[in-house]
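# Descriptive structure summary
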Amino acid sequence: MDKCELQNRTKQFALRILKLIDVLPQNAAGRAIAKQLIRAATAVGANYRSACRARSRAEFTAKLGIALEEADESLYWLELVRDGKLLPESKLALLLKEADELTAILASGRKSAAATSNIKHRISDMTS
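Residues numbered from 1 in each chain as written. Predicted model: local features only at pLDDT ≥ 70, side-chain atom pairs only at ≥ 80, totals over all residues. Heavy atoms only, no water.

## Section: the pattern of salt bridges
- On inspection of all chains with the given rule, the structure shows seven salt bridges.
- For Arg-39, the salt bridge is made with Glu-70, and the minimal N-O distance between the two is 3.1 Å. Of the two residues, Arg-39 sits in helix α2 (residues 28-52) while Glu-70 sits in helix α3 (residues 57-83), which places them 31 residues apart along the sequence.
- With a relative accessible area of 36%, Arg-39 lands in the partly exposed category.
- Looking at Glu-70, the relative accessible area reads 12%, which means it is buried.
- Lys-97 is paired through a salt bridge with Glu-101; the nearest N and O atoms lie 2.9 Å apart. (Salt bridge = Lys/Arg side-chain N within 4 Å of Asp/Glu carboxyl O. Helix = DSSP H or I, 4+ residues; strand = E, 2+ residues; numbered from the N terminus. Buried < 20%, exposed > 50% of the residue type's maximum accessible area, 1.4 Å probe, protein only.)

Structure representation (structure tokens):
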């Protein structure tokens, strides 16, 4: 998957979450989770997009880490919606799967970026 495909996928995830929010119950729990879920889900794509424009490997790794945290947090809020029975699981299954997949993709990317950065630092230390 290239950069543009992942940018689009994270944006589509956020748009699907925005639609989901509209069907959450309008009670205290629904409103509280809605705010957190909107913030986390939209931050996944925003932070990934920012990572793609990073000025250094370290900045890329850091911003990718933030996107990863937001994807994992989105998964958490979706699990709360499911486990709290705020919506039927049938309305959540695809979003839960997507949040889990995005979390895995971003975790793998961050791990690769960090490993590459560590190798460069070791080589730099050896040549200094």
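## Quick notes on the state of the cysteines
- Under the counting rule described, the total for this entry stands at zero disulfides.
- Free cysteine: Cys-4, not disulfide-bonded; nearest cysteine sulfur from Cys-52 at 8.1 Å.
- On the basis of relative accessibility, which here comes to 53%, the residue Cys-4 falls in the exposed class. (Disulfide = S-S within 2.5 Å.)

## Notes on the nonpolar core
- Counting 31 residues, the largest nonpolar core has Phe-13, Ile-17, Leu-78 and Leu-106 as its most contacted members.
- At the level of elements, α1 (3-21), α2, α3 and α4 (89-127) are the ones that each hand at least two residues to this core.
- Per-element tally for this core: the top contributor is α2, with nine residues.
- Beyond its immediate stretch of four places on either side in the chain, Ile-17 contacts Leu-37, Ala-41, Leu-78 and Leu-95. (Core = buried A, V, L, I, M, F, W, Y, C linked by side-chain atoms within 4.5 Å. Contact = heavy atoms within 4.5 Å.)

## Thoughts on the layout of surface pockets
- Size it by volume and the largest pocket reaches roughly 170 Å³.
- Forming the boundary of the largest pocket are Gln-7, Asn-8, Thr-10, Lys-11, Ala-14, Thr-42, Gly-45, Ala-46 and Arg-49.
- Broken down by secondary-structure element, the contributors of at least two residues to the lining of the largest pocket are α1 and α2.
- No other element matches the five residues that α1 contributes to the lining of the largest pocket. (1 Å grid on protein atoms, 1.4 Å probe; cavity = no way out; pocket = protein on both sides within 12 Å on 5 of 7 lines; lining within 4 Å. Points joined across faces, edges and corners; volume = space filled by probe spheres on them.)

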